[in-house]
Amino acid sequence: MSKINDILKQLHRTELDMAVFSDPVSISYLTGFYSDPHERQMFLFISQESTPLLFVPALDAERARQSVAFPVVGYVDSENPWEKIKAALPAKNYNHIGLEFDNLILTKYQGLKTVFEQATFDNLTPIINRMRLIKSADEIQKMMTAGKWADKAVQLGFEAISLAKTETDIIAEIEFAMKREGLEMSFETMVLTGNNAANPHGIPGPHKIENNALLLFDLGIMANGYASDMTRTVAVGQPDQFKKDIYALTLEAQQAALDFIKPGVTAHEVDRAAREVIEKAGYGEYFNHRLGHGIGMDVHEFPSIMEGNDLVLEEGMCFSVEPGIYIPGKVGVRIEDCGYVTANGFEVFTDTSKELLYFD
């Protein structure tokens, strides 16, 4: 209940009558109960004047009751969820309600308007983002574990490299092995060969692994509710010197950022540390995304490590450092590690070598 108590303090500070959480990850963060309700409705209601209430689809209600120590209300598909919520909440005038604007589709908003007819809505997203921003030692340990699994997964990918295989063949081998370990990927695995890697969000397909080219792996694992995310680019055969030079430049940029990170610097300054390396070499236009994203229970979460973000880094913040150079028709390279800000620098969660590895 300590995290819920933190929310109650925020309610008092912001003079909100109630906080309504709709993001399944936020609900899991606050309660320990996770479920994806799909198209159904699931909310956590927290008020200073009553005990919390978890509203879930009926098919999840029993499992929810085993996870939380406060009332759980379930609804079946044939019921009107908004009427049931209204009946379950204490009867009072709610004038000022906090909602997660970043996780509020129009259907949810309109439904909640029928529950809180006279209320004005404020954005809870900055509050929950700030709570999740600084990871505890326990959270960091879980992310270390997820990172070690990512190292194992990418090693399996390396072992599967063959000119006779396609991108999706290798993905299938990685994901099957992780599934046998009882693990889920934290996002759709990317294995991109040759020019396909020159698209930062390339789509793997039935492309045979190219010889004398670079091969990009981007993958992550969910472990104990926390995500990992890493990218490695390797050589198949003997790529030409230009491709090797682009790889070396990307690695130099990443190392510049990793060396720069410490408490007190800004997200903007970290992005610039990497970007300036690439710009000075004349390839700035081909590094066309932010340097990094936050990571935790979501693979992408607050904050963005990017130009213009003056957020000051603090010990315990976790994020990715992933410069890339993508030259259409020629080459694509990205190198990524996630880690956490320490008292003096930055510790990464993944250990796979970043020396350019060669495979036949």
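Residues numbered from 1 in each chain as written. Predicted model: local features only at pLDDT ≥ 70, side-chain atom pairs only at ≥ 80, totals over all residues. Heavy atoms only, no water.

Right, let's talk about the UniProt feature "domain: Peptidase M24" (unreviewed entry) in the chain for a bit. When the UniProt feature table is mapped to this numbering, "domain: Peptidase M24" (unreviewed entry) covers residues 142-343. Secondary structure over residues 142-343 splits into 33% helix and 25% strand, and the C-alpha atoms at its two ends are 19 Å apart. (UniProt positions renumbered as here; feature names shortened; annotations may be inferred. Helix = DSSP H or I, 4+ residues; strand = E, 2+ residues; numbered from the N terminus.)

The subject of this paragraph is the sheet that holds strand E3 (residues 50-57). In spatial order, the strands read E4-E3-E2-E1-E5-E6; together these 6 strands make up an open sheet with mixed pairing. Looking along the sheet, the strands with just one partner apiece sit at the ends: strand E4 (72-75) and strand E6 (120-123). Averaged over neighbouring strand pairs, the angle between their axes works out to 25° when direction is ignored. Summarising the sheet, strand E1 (residues 18-21) and strand E2 (residues 43-47) pair through 4 bridges and their orientation is antiparallel. Residue pairing for E2: Ala 19 is matched across the bridge by Ile 46. The strands touched by helix H4 (residues 81-88) are E2, E3 and E4; relative to E4, the strand with the most contacts, the crossing angle is about 155°. (Pairing = 2+ DSSP bridges. Axes fitted to C-alpha atoms, helices over the stretch in contact; angles between N-to-C directions. Contact = heavy atoms within 4.5 Å.)

With that settled, consider the sheet that holds strand E7 (residues 184-185). Ordered in space as E7-E10-E11, the 3 strands form an open sheet in which the pairing is antiparallel. Every interior strand has two partners, whereas the edge strands, E7 and strand E11 (226-227), have only one. One ladder, built from 2 bridges, connects E7 with strand E10 (residues 221-223); its direction is antiparallel. Pairing of Glu 184 across the sheet is with Met 222, part of E10. Running at roughly 140° to E10, helix H7 (residues 137-159) makes contact with E10 and E11 of the sheet.

In terms of domains, the chain is made up of domain 1 (1-132) and domain 2 (135-346). Taking only C-alpha atoms, the centre of domain 1 and the centre of domain 2 are 35 Å apart. Counting residues at the interface gives 7 residues for domain 1, matched by 8 residues for domain 2. Taking both sides of the interface into account, the surface hidden between domain 1 and domain 2 amounts to around 670 Å²; carbon and sulfur atoms contribute 45%. Of all residues in domain 1, Asn 129, Arg 130 and Arg 132 give up the largest surface area on contact with domain 2, accounting jointly for 64% of the area buried on that side. Between the two partners, domain 1 and domain 2, sit 3 salt bridges. Arg 132 is the partner of Asp 298 in a salt bridge, and the nearest nitrogen-oxygen pair spans 3.2 Å. In this structure, the connection of domain 1 to domain 2 is made through 4 residue pairs in polar contact (both at pLDDT 80 or more). (Domains from an automatic or database assignment. Buried area = accessible area lost by both parts, 1.4 Å probe. Salt bridge = Lys/Arg side-chain N within 4 Å of Asp/Glu carboxyl O. Polar contact = N/O pair within 3.5 Å; in protein donor to acceptor, adjacent residues only side chain to side chain.)

Another aspect to go through is the pairing of strand E14 (residues 301-305). Each regular strand shows side chains that alternate between the opposite faces of the sheet. When you tally the buried positions in E14, you get 4 out of 5 residues, the bulk of the element. In the sheet, strand E13 (residues 292-294) pairs with E14 via 3 bridges, with the strands oriented antiparallel. Across the sheet, residue Gly 292 finds its bridge partner in E14, namely Ile 305. Hairpin connection from E13 to E14: 6 residues lie between these consecutive antiparallel strands. (Buried < 20%, exposed > 50% of the residue type's maximum accessible area, 1.4 Å probe, protein only.)

Moving on, we come to the packing of helix H2 (residues 24-31) against helix H6 (residues 125-133). Where H2 contacts H6, the axes come no closer than 12 Å and their chain directions differ by 55°. As the angle between them shows, H2 and H6 are arranged oblique. Where H2 crosses over H6, the two elements pack in a sense that is left-handed. Here Val 25, Ser 26, Tyr 29 and Leu 30 of H2 come into contact with H6, specifically with Ile 128, Met 131 and Arg 132. In terms of residue class, the contact of H2 with H6 is built from 5 nonpolar, 1 polar and 1 charged. (Parallel < 35°, antiparallel > 145°, perpendicular 65-115°, else oblique. Left-handed = near helix turned anticlockwise from the far one by under 90°. Nonpolar A, V, L, I, M, F, W, Y, C, P; charged D, E, K, R; others polar.)

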